[in-house]
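# Architecture at a glance
Listed below, chain by chain, are the residues.
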Amino acid sequence: MYYLRSSTSLDVISKFSIYYCVLDDMIETENESLRERVCDLEKKVLEQGDEIVCLRSTLADVLRRLNQLEGSRTLSLNTSALKNGNTPRAGNHYGGNGHHLISPTLSQKEVTLRYRSANEHPASALRDPVRRVPSHNNSHSSLPQRRAVHYQSTGSLHSDSPSSSSVSPVPPASPSPSPTRPGTAQKPQRLSGTNLYNSKRWSSTGDFNQAQNFSVAPQPSTLASRLGTKSLLNLNLRSQPQQNHNHHYHQKHGTRDATYNEEEGSVRMFLRGRPINLYAPTAEIATYDITKVATAPSSKLKLDWVYGYRGKDCRSNLYLLPTGEMVYFVASVAVLYNVQEQSQRHYLGHTDDIKCLTIHPNKLLVATGQTAGHDNHEGKPHIRVWNSVSLATVVVLGLGEFERSISCLSFSKADGGSLLCAIDEGNDHNISVWDWQKNEKGHKITETKCSMDTVVAAEFHPLERNQIVTCGKGHISFWTLDAGGTLYKRNGIFETTRDRPKYVTCLAFTQNGDVLSGDSNGSVVIWGRGTNNILKVARNVHEGSVFSICVLKEGSIITGGGKDGKLIQFDTSMHPTGYEAQIAEHLGGIRTVSEGRGSQLLVGSTRNCILIGSLSMGFSPAVLGHTDELWALCPHPTLAQFLTAGFDRIVQLWDSLSRSVVWSKDIAEQAQSAAFSIDGRIIIVGCVSGKWIVMNSETREIYSTHIDGNEPIQVAKFSPDGQLLALGSRDNYIYIYQVSDGARNYTRLGRCTCWEDKRRRRCSTGAIIDKMSGHSSFITHLDWSKDNEHLRSNSGDYELLYWKVKVCRQVTHSTQLRDTVWASNSCVLTFSSIGIWPEGADGTDVNACERSNGSKLMATGDDFGKVKLYSYPVKQPKSLCHVYGGHSSHVTNVTFLHDDSRLISIGGKDTSVLQWEII
């Protein structure tokens, strides 16, 4: 009986166990089904959200294009009115197109970077770092409504157009005083019993402060209403203590202390305390007035095209917008490039290098972060959130809050983008989270130290609210932002030493919320959602580092190798699908990958190139650029083309009309200078090693290589008749060559420095020593005379010397060549370029200048990343100009194309090439 009862009990227990197992299986099946349905619903919601974002963006883009068409129609009507003799309102002269004149006499602190319309009172423009203006098209925008205000973009001025919709940051407008007509300037009156008249034969720019004889003198009653507090004319009203203070410098600099000697007809200016005498042409000696103010030219510049991309040292900076435009950056310009329409738009709000970029979940807003710059206020590291359709700045975050630069940015995704995460590239690599919509300048919720080591990426989790993932040297960290605004960190746990890489280089997220990380070992690691533990490791995916991971909408994963240049596709479980591609070796490794239209991918390379294509069809370059410092620039003499070369050993010929590279060649030498022959068939490339190369401009064939010294060839120029070639070297010499056989053969005639021509002078000890004629420092600029007989040259110690070319001898009496007509004006120290030097210039501020072929304009590039446009000749120390930003490094060279339709400028370390349309 006992055994029977035990057997019955076991049967009952067994039945219950089976029942519970079946029940568990059913629950598990239901749970799995529920999870799948929830996942499907999340995907559908995301897809519908993407569709809504795309529709909104398309609508906003349509409105932008309609506004452009209306603006073009208004512009054409205004142009017709001007042709018919109707004069526009005076109020629109300086503010109607958003452009203003900048005086070189204003200090850097005085030149603010604020946009001000013509009808805004100057005082109001001085209160806020960025002026608030009513938001246009707010009724059609999906942007969060922030009290119906947004910020205008700041940057260099460019008028709205299909190729440039940038807005200019400019100081308050200031009408330029009317210049005194030649011959009407009042001479100082002779006073009996004094020698005042004789002493007044030396006049200086300091007299401008007391000048009272303008041809049109504004009345005191109208002065306050017409001028802002930083107007050029207000320099007349400076108090005497200020003037006295300006004369207490230990060294004289620039044009502040420039003086004019009427007897000699010479202007004396100072660079680093060294006096420089510049002789006026004979016809201008009697009428020249040093206190006269030269007006800015009526022509202006509009940014037409930006060549280049920054992929060498920046990550995750290439995205496709719903408008069909790629957005990326180079120098201080954020570029929106539509490949199909071959058009660009530019956001120019930044004042120095942009280092990072991220897209808002609504696909309309973009955030960019910059490094520290030259400007005392807006040159500080900060973040700008701006509208990709209108190019208007929405908010500026963190002015004065960051230490060095912003290296990473990310909008929150699970909550619709209300938060913004930023990584400071300072010593502590601080991470900060911003409520960017709160207040006018945003609100920093929290900030804490992120890592002792470099941080290369930071991303909000797309599905988990307030979850952030960061990675960098030797670490990956998972952050949680609690309700009180505190960040908590958990470091990723690497199970073995083998799995711990030297760098975790990139981040991405799968559709189910798992975290993907690429590293310097060539591995891809999957981290479980909500944990800091590894789920799976795919080892040796690439040879070298994995620089980018892109998860496509359909779920597959694309990885990019920084060393092997490969793109490899994986399924959702990280199994290779068999599809892969490799970009050409000369284009570099993979820096970033993002999803393009349809099956297309956008690829940014480590050699500053952007490629478009697919794994099945291959990739072709859409953007090419240089990768190292740029110095060489020259225009084609008859075509709308120009050539650039730099320290990356690459020579590139560009076509300004098709906005593309005609050809590119590696010359295996760092390039410093370049020149076209008169017929455009031959190119001379001066190298850093002292070599100079003769090339065919069509076939790229190198005909010959020559060498002169072992210092860089700073400048190369053909004579106007093409029979001679002058090479200015860093070894202080100018080499002259006879040209023959269609500019293929070169015979050296001599060098412009000799020991035979000696002058005797006394040194400080009283002994008589011999001084060699010629330059005592390296050559920086050269100009030929139109008759091919003479050269003039500038050097690193601020000398202007003249040369008799056929005998390679210096013309020691500069007055003999005061009336010489010069074929170009690239020398920065000449009488016709006095006004390009700021008051406090130290001699290194202006790197290059060039006169237009029509001799109406002069453009300069300086150490502050600015391109300036003057009326030519720039012979007045007080000369107004138009100032343009875009470069973030020193502008090393500028040139006009053969028909003066465009200006080209190149940056040094920013490796950018900017093409400006002259309007």
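Residues numbered from 1 in each chain as written. Predicted model: local features only at pLDDT ≥ 70, side-chain atom pairs only at ≥ 80, totals over all residues. Heavy atoms only, no water.

### Digging into the overall build of the protein
Helix and strand counts for the protein come out as 6 helices and 62 strands. A total of 919 residues make up the protein; the buried ones form 54% of that total. Of the contacts formed within the protein by residues at least 6 apart in sequence, a portion of 51% connects residues at least 24 apart. In the form shown here, the protein has an accessible surface area of approximately 40,500 Å², with 50% of it arising from carbon and sulfur atoms. (Helix = DSSP H or I, 4+ residues; strand = E, 2+ residues; numbered from the N terminus. Buried < 20%, exposed > 50% of the residue type's maximum accessible area, 1.4 Å probe, protein only. Contact = heavy atoms within 4.5 Å. Areas by Shrake-Rupley, 256 points an atom, 1.4 Å probe, with all protein chains shown as cover.)

### Let's talk about a nonpolar patch on the surface
Taken together, the side chains of F16, I18, Y19, Y20, V22, L23, M26 and I27 define a hydrophobic patch exposed on the protein surface, amounting to about 810 Å² of accessible area. Along the chain, V22 turns up in helix 1 (residues 2-83). Note on V22: relative accessible area 43%, which makes it partly exposed. (Patch = residues over 30% accessible without salt bridge, like charges linked within 9 Å, V, L, I, M, F, W, Y side chains within 5 Å. Salt bridge = Lys/Arg side-chain N within 4 Å of Asp/Glu carboxyl O.)

### Focus on the UniProt feature "repeat: WD" (unreviewed entry) in the protein
Cross-referencing UniProt, the feature "repeat: WD" (unreviewed entry) maps to residues 623-655, 772-806 and 884-919 in the present numbering. Between the end C-alpha atoms of residues 623-655 the distance is 13 Å, and the span holds 0% helix and 58% strand. (UniProt positions renumbered as here; feature names shortened; annotations may be inferred.)

### Remarks on the sheet that holds strand 47 (residues 734-740)
The strand order across the open sheet formed by 4 strands is 45-46-47-48, and the pairing between neighbours is antiparallel. Both outer strands of the open sheet, strand 45 (713-718) and strand 48 (745-751), are each paired with one neighbouring strand and no more. Strand after strand, the sheet turns through a mean of 25° between neighbouring axes, direction not considered. In this structure, strand 45 lies alongside strand 46 (residues 724-729), joined through 5 bridges in antiparallel fashion. Each residue of the ladder has a partner; that of F718, found in strand 46, is L725. (Pairing = 2+ DSSP bridges. Axes fitted to C-alpha atoms, helices over the stretch in contact; angles between N-to-C directions.)

### Side note on the pattern of salt bridges
The full count for this structure, using the stated rule, is 24 salt bridges. For R748, the salt bridge goes to D708, with nearest N and O atoms at 2.7 Å. Here the residue R748 occupies a position in strand 48, and D708 occupies one in the loop between strand 44 (702-707) and strand 45, the gap between them amounting to 40 residues. A residue is classified by how much of its surface remains accessible, and R748, at 42% relative accessible area, is partly exposed. Residue classification places D708 among the buried residues on the basis of a relative accessible area of 3%. A salt bridge links E789 to K804; its shortest N-O distance comes to 3.5 Å. Taken together, the positions of E789 in the loop between strand 51 (779-784) and strand 52 (790-795) and K804 in strand 53 (residues 800-804) put the pair 15 residues apart, joining distant regions of the chain.

### Quick notes on the packing of aromatic side chains
Taken as a whole and judged by the stated rule, the model has 17 aromatic pairs. Centre to centre, the rings of Y307 and F642 are 6.0 Å apart; their planes meet at 65°, and the pair counts as edge-to-face. With a gap of 335 residues between them, Y307 in strand 8 (residues 301-307) and F642 in strand 38 (residues 641-646) connect regions that are remote in the sequence. Taken as a pair, Y307 and F642 share a single burial class, namely buried. By the ring-pair criterion, three or more aromatic residues cluster together here, those being Y260, Y288 and F831. Over the face of the ring belonging to F547 we find R315, whose NZ or CZ atom lies 5.2 Å from the ring centre. The ring of F778 carries R730 above its face, with NZ or CZ at 3.9 Å from the centroid. (Phe/Tyr/Trp six-rings, centres within 6.5 Å; stacked < 30°, edge-to-face > 60°. Lys NZ or Arg CZ within 6 Å of the ring centre and 35° of its normal.)

### Some words on the nonpolar core
L301, M326, Y328, F642, L903 and W916 are the most contacted members of the largest nonpolar core, which totals 38 residues. Of all the elements, strand 8 adds the most residues to this core, at 5 residues. Listed in part, the 32 residues of the second largest apolar core include V267, L800, L817 and V828. (Core = buried A, V, L, I, M, F, W, Y, C linked by side-chain atoms within 4.5 Å.)

### Focus: the sheet that holds strand 36 (residues 618-623)
With antiparallel pairing, 4 strands are arranged side by side in an open sheet as 33-34-35-36. The open sheet has two edge strands with one neighbour each: strand 33 (590-595) and strand 36. Strand-to-strand twist across the sheet, computed as the mean angle between neighbouring axes with direction ignored, equals 25°.

### Focus: the pairing of strand 27 (residues 524-527)
Here strand 27 shows two buried faces, one formed by V524 and I526 and the other by V525 and W527. Strand direction decides the pairing type here: strand 26 (residues 515-519) and strand 27, joined by 4 bridges, are antiparallel. Bridge assignment links L516 to a residue of strand 27, and that residue is I526. Joining the antiparallel neighbours strand 26 and strand 27 is a turn of 4 residues, in which G522 adopts a positive phi near 85°.

### Looking at unusual backbone geometry
A cis geometry characterises the amide bond from Y872 onward to P873, with omega recorded as 0°. Mapping P873 onto the fold places it in the loop between strand 57 (867-871) and strand 58 (878-879). Although it is not a glycine, R659 sits at a positive phi angle of roughly 55°. Take R659: it is sitting in the loop between strand 39 (650-655) and strand 40 (660-666). Assessed through its relative accessible area of 22%, R659 is described here as partly exposed. A positive phi angle, close to 70°, is found at A743, a residue other than glycine. Mapped onto the elements, A743 comes out in the loop between strand 47 and strand 48. Classification of A743 as buried rests on a relative accessible area of 9%.

### A short note on the side chain of S852
Following the sequence through the fold, S852 ends up in the loop between strand 55 (846-851) and strand 56 (857-862). Using a relative accessible area of 3% as the deciding quantity, one classes S852 as buried. Apart from residues no more than four positions distant in its own chain, S852 is found in contact with L857, F896 and D900.

### What to know about the pairing of strand 12 (residues 343-347)
As a general feature of sheets, a regular strand has side chains that alternate between the two faces. With 5 of its 5 residues buried, strand 12 lies for the most part within the structure. The alternating pattern of strand 12 places S343, R345 and Y347 and Q344 and H346 on opposite faces, both of which are buried. Across 5 bridges, strand 11 (residues 333-338) lies against strand 12 in antiparallel orientation. Looking at strand 12, one finds that L336 is bridged to R345.

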